[in-house]
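The primary structure of each chain is shown beneath.
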Amino acid sequence: MTGNLYRGQAGLPFSSTLRVYEPLDAFPEEQRAAIQAAGARSASRAAVENAELLASLGRITRSGGDPFPTGRTDLVRVTTAPAGPGGTDDADDDEPVLLYCPSQLVLRAGLAANALMEGIHGPLAELLIPEEQRDKHQERIDQVKARDGSIRVHTRASTWGIPFSWFSLFMEQDHKDVVEAAGRILTVRVWAPITEALERARYAVANLALAAPDLDMLDDLAQLTEWLETFHVESMVELDYGAVADKVYPDDSPMDIRLGIECLAEGDMTGAAAAYRRLASRWIPIRQLARAS
């Protein structure tokens, strides 16, 4: 990997992602050949991560001040339903079904820019992302939408920590892949079939709506559930910790979230508070790094 960027990432924010991988027939027919070809070009998962990181650094340093991806090439991650607990491999199948997650960087960059601009106005907004560049990127988004029609964004990203709502989609027995190199954990990836992830999310929403309707996490979970419901029933959901895994793994956050919600549903405020304290002690120091000098 060029420059071993994926293994290093020194000085970069911790970034974690929640991805949905769908079978090829879940995509519009006119997109399938391109998605399949892009997936076949992926030599390894590490190569995909390194290529994406290299591309993002290249956009930051490119001349002309345009920080947005052009969409000329879009990376596609490929996986199969893992065997074992939480997996859906069928021993009677001759070959496992490949599942695809396109990066969709043009759309995601536009959404991220809009979110950033919502809280910033005037000269600072122009300094961060000039209006000319925002307008130019909107043209790219319009082209993608005109070409592909209705679009579901397959990836959600979070910096400096993982939203607690994401952990509600997973359980301790789900398939995990711990990626290590040179004595460090590069990332941990956890998978769950989307049907199981949705069942867990709906359980959490139902119990929080009754026991803690004012909790911010309830709104996050409701939005997460609506998002997952747009995907194929044979999809897989992946939580990719990213470099923050080296700071928190082994991580009991999925269990703490589950126990916290169960305690709230049973009226056990002491147990719920204890679960939150465990989560806070693990994740608040990570989030504070975002404000460190």
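Everything below is about the structure printed above this text.
Residues numbered from 1 in each chain as written. Predicted model: local features only at pLDDT ≥ 70, side-chain atom pairs only at ≥ 80, totals over all residues. Heavy atoms only, no water.

(A) Highlighting the environment of Val 188. Mapped onto the fold, Val 188 is located in strand β6 (residues 184-193). Through-space distance from the C-alpha of Val 188 to that of Gly 242 is 6.7 Å; in sequence the pair is 54 residues apart. Val 188 has contacts with Asp 177, Val 178, Leu 239, Asp 240, Tyr 241, Ala 245 and Tyr 249, leaving out every residue within four places of it along the chain. (Helix = DSSP H or I, 4+ residues; strand = E, 2+ residues; numbered from the N terminus. Contact = heavy atoms within 4.5 Å.)

(B) The pattern of salt bridges, seen in detail. Within this structure, the stated rule accounts for 18 salt bridges. With its nearest N and O atoms 2.7 Å apart, the salt bridge here joins Arg 45 to Glu 49. Taken as a pair, Arg 45 and Glu 49 lie in helix α3 (residues 45-61) at a separation of four residues, close to a single helical turn. In this pair, the class of Arg 45 matches that of Glu 49, namely buried. Linking Arg 189 and Asp 240 is a salt bridge whose minimum nitrogen-to-oxygen distance equals 3.3 Å. On the criterion of sequence distance, the pair formed by Arg 189 in strand β6 and Asp 240 in strand β7 (residues 236-240) is long-range, its members being 51 residues apart. With relative accessibility at 4%, the residue Arg 189 sits in the buried group. The exposure class assigned to Asp 240 is buried, which follows from its relative accessible area of 5%. Residues joined by salt bridges that share partners form a network here, namely Arg 19, Arg 45, Glu 49, Glu 52, Arg 77, Arg 189, Glu 238 and Asp 240. (Salt bridge = Lys/Arg side-chain N within 4 Å of Asp/Glu carboxyl O. Buried < 20%, exposed > 50% of the residue type's maximum accessible area, 1.4 Å probe, protein only.)

(C) Representation of helix α12 (residues 269-288) in the model. Given a rise of 1.5 Å per residue, 20 residues ought to cover 28 Å, and the 27 Å separating the end C-alpha atoms of α12 matches this to within 8%. At Ala 280, α12 shows its strongest bend, of approximately 35 degrees. Every buried residue of α12 is listed here: Gly 271, Ala 272, Ala 275, Leu 279, Ala 280, Arg 282, Trp 283 and Ile 286. Elements that come into contact with the buried residues of α12 comprise α7 (164-167), α10 (245-248) and α11 (253-265). Capping the start of α12 is the job of one residue whose side-chain oxygen sits 3.3 Å from the backbone nitrogen of Thr 270: Asp 268. (Expected span 1.5 Å × (residues − 1). Bend = angle between axes of the 7 residues up to and from the residue. Polar contact = N/O pair within 3.5 Å; in protein donor to acceptor, adjacent residues only side chain to side chain.)

(D) Broad picture of the nonpolar core. By size, the foremost hydrophobic cluster in this structure holds 42 residues, and its most contacted members are Leu 18, Leu 169, Leu 228, Tyr 241 and Trp 283. Sequence-distant contacts of Leu 228, that is, excluding residues within four places in its chain, are made with Val 20, Leu 169, Ile 194, Ala 197, Leu 198 and Val 237. (Core = buried A, V, L, I, M, F, W, Y, C linked by side-chain atoms within 4.5 Å.)

(E) Main features of the pairing of β7. Taken across its five residues, β7 has five buried, putting it largely inside the fold. Where burial is concerned, the two faces of β7 agree: the one with Met 236, Glu 238 and Asp 240 and the one with Val 237 and Leu 239 are both buried. Note: β6 against β7, five bridges, orientation antiparallel. Looking at the pairing, Trp 191 lines up with Glu 238 of β7. (Pairing = 2+ DSSP bridges.)

(F) Seen up close, the packing of α11 against α12. Close contact between α11 and α12 brings their axes to 7 Å; oriented N to C, the two are set at 155 degrees. Considered as vectors, α11 and α12 are oriented roughly antiparallel to each other. In the packing of α11 onto α12, the handedness of the crossing is left-handed. Listed contacts from α12 to Ser 253, Asp 256, Ile 257, Leu 259, Gly 260, Cys 263 and Leu 264 of α11 are Met 269, Gly 271, Ala 272, Ala 275, Arg 278, Leu 279, Arg 282 and Trp 283. (Axes fitted to C-alpha atoms, helices over the stretch in contact; angles between N-to-C directions. Parallel < 35°, antiparallel > 145°, perpendicular 65-115°, else oblique. Left-handed = near helix turned anticlockwise from the far one by under 90°.)

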